[in-house]
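Below are the chains, spelled out letter by letter.
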Amino acid sequence: MLLPKLLACVISCVTGAMTRSSSGTMVDFADPKVQGHLDALVRMAQSCVIKVRATPKDVRAYFTNTSPVSRSGQCFAACMLEQSDVINHGKVNRDLLVHLASLVNGKNSRVVRKLNSISRLCLDSIEGMSDRCQLASTYNDCLNENMLEFSFPLDIAEEVVRKMPFHLIQPNLPSDPKHHAY
């Protein structure tokens, strides 16, 4: 599934969260196929919340296609894109991004055709970046700005936020850099 900024599945990992299909109708979030993608996205998000110590604001920003306002928000986007293999070692895998989108929308859908060209455009926005969190966040923001098809309905985004394990994060404890590279 791609990120909604997806991404994560936009990403919709990034893709299953699309609100409109190629025909312009709403995606049925009760559909078992879509629900499966959404469940996988939630599991990834839960893991990323713990890894990067993301806040509810960070997660909400990601799932409402809003630019992150904190470093942990940028790193949350990086974690989501890396877990879906859309970004690997600082490189965007556009082929995988497009493939993930095609799983929900169809290979020849308008959404996938648009994503194919927009994802190339967004590569220009990250050229020369080496910071993994900034790179992922900037790429994701570019997709969001140009692919409104990736937006989650607000009620779905809020439901995802409610499922996050924020209670497991103790903000006053130093993070152990051995466990993650953020």
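Before reading on, note that the structure itself is shown above.
Residues numbered from 1 in each chain as written. Predicted model: local features only at pLDDT ≥ 70, side-chain atom pairs only at ≥ 80, totals over all residues. Heavy atoms only, no water.

Looking at the state of the cysteines
Thought 1: All told, the structure shown has three disulfides when counted by the stated rule.
Thought 2: Covalent S-S linkage joins cysteine 48 and cysteine 79, the inter-sulfur distance amounting to 2.1 Å. Here cysteine 48 and cysteine 79 share a disulfide; its torsion about the S-S bond, -85°, makes the bridge left-handed. One end of the pair, cysteine 48, is in helix H1 (residues 32–52); the other, cysteine 79, is in helix H3 (residues 71–83), and 31 residues separate them in sequence. Just as cysteine 48 is buried, cysteine 79 falls in that class too.
Thought 3: Between the sulfur atoms of cysteine 75 and its disulfide partner cysteine 133 the distance amounts to 2.1 Å. Between cysteine 75 and cysteine 133, the S-S dihedral sits near 100°, and the bridge is therefore right-handed. (Disulfide = S-S within 2.5 Å. Helix = DSSP H or I, 4+ residues; strand = E, 2+ residues; numbered from the N terminus. Buried < 20%, exposed > 50% of the residue type's maximum accessible area, 1.4 Å probe, protein only.)

Some points on the environment of glutamine 134
Thought 1: Among the secondary structure elements, glutamine 134 is positioned in helix H6 (residues 132–146).
Thought 2: Residues contacting glutamine 134, with those up to four places away along its chain left out, are Arg71, Gln74 and Met129. (Contact = heavy atoms within 4.5 Å.)

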